[in-house]
Amino acid sequence: MKKIYTAKNPADAHPLKGSLEGENIEADVRGEFLYGVRGEVPITPDTCPSVRVKDDADYDRAMELVSTFGEGEPLNPVESGVWRCGCGEENEGQFTEGWRCGKARSM
């Protein structure tokens, strides 16, 4: 398990963890409970929440995603625009399945 990101707070760590998992990279947030005792313990990289990859083989790919994440760009940009699902209903670009019929969007 390797550390790939030191977060400012737990809310900063969890979106990255979710993005990594969306790319099939298992990740974990460590130290988030120490955030509640700030002021009681020194604030160092060891006491800040951190994101770690579970499989060391995913480290390089995860670091590429972290650099994209730090730039504020989405890891998987959503296509904009309207699309039609199998039942003919129009759906906004951020949705991956039809809201009425539940059919997956074809890419």
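Structure: above.
The following refers to the structure shown. (Residues numbered from 1 in each chain as written. Predicted model: local features only at pLDDT ≥ 70, side-chain atom pairs only at ≥ 80, totals over all residues. Heavy atoms only, no water.)

### Notes on the pattern of salt bridges
What counts is decided by this rule: Criterion for a salt bridge: a side-chain nitrogen of Lys or Arg within 4 Å of a carboxyl oxygen of Asp or Glu. Think of it in three bands: with a 1.4 Å probe and only protein chains considered, a residue is buried below 20% of the maximum accessible area for its type, exposed above 50%, and partly exposed in between. Under the scheme used here, helices are H or I runs from DSSP no shorter than 4 residues and strands are E runs no shorter than 2 residues, and both carry numbers assigned from the N terminus.
Enumeration according to the criterion identifies 5 salt bridges in this entry. Between glutamate 90 and arginine 84 there is a salt bridge, and its shortest N-O distance comes to 2.8 Å. For glutamate 90, a relative accessible area of 44% puts it in the partly exposed group. For arginine 100, the salt bridge is made with glutamate 89, and the minimal N-O distance between the two is 3.0 Å. Remark: glutamate 89 occurs in the loop between strand S4 (82-84) and strand S5 (90-92) and arginine 100 occurs in the segment after S5; sequence separation between them is 11 residues. For arginine 100, a relative accessible area of 56% translates into the label exposed.

### Some details on the state of the cysteines
Each disulfide is one covalent bond, formed between the sulfur atoms of two cysteines. We apply this condition: Two cysteine sulfurs form a disulfide in these notes if their separation is within 2.5 Å.
Under the criterion given, the structure shown has 0 disulfides. The thiol of cysteine 85 is unpaired, and the distance to the nearest cysteine sulfur, on cysteine 87, comes to 3.4 Å.

### Comments concerning helix H1 (residues 10-22)
Let me state the cut-off plainly: In this scheme, a helix's expected span is set at 1.5 Å multiplied by one less than its residue total. By definition, the arc is the one covered by directions from the helix axis to the C-beta atoms.
End to end, H1 covers 18 Å across 13 residues, agreeing with the expected 18 Å (1.5 Å per residue, within 8%). Taken residue by residue, H1 has Pro10, Asp12, Ala13, Leu16, Lys17 and Leu20 as its buried positions. What you see down the axis of H1 is that its buried residues fit within an arc of 150°, all on one side. Exposed and oriented more than 90 degrees from the buried face of H1 are Ala11 and Gly22.

### Focus on the environment of threonine 96
Convention followed: In what follows, residue pairs with any heavy atoms lying within 4.5 Å of each other are defined as contacts.
Turning to its location among the elements, threonine 96 is positioned in the segment after S5. Overall, the relative accessible area of 55% leaves threonine 96 in the exposed class. Sequence spacing of threonine 96 and serine 106 is 10 residues, and the spatial spacing of their C-alpha atoms is 8.5 Å. Not counting chain neighbours up to four residues away, the residues in contact with threonine 96 comprise Trp83, Lys103, Ala104 and Arg105.

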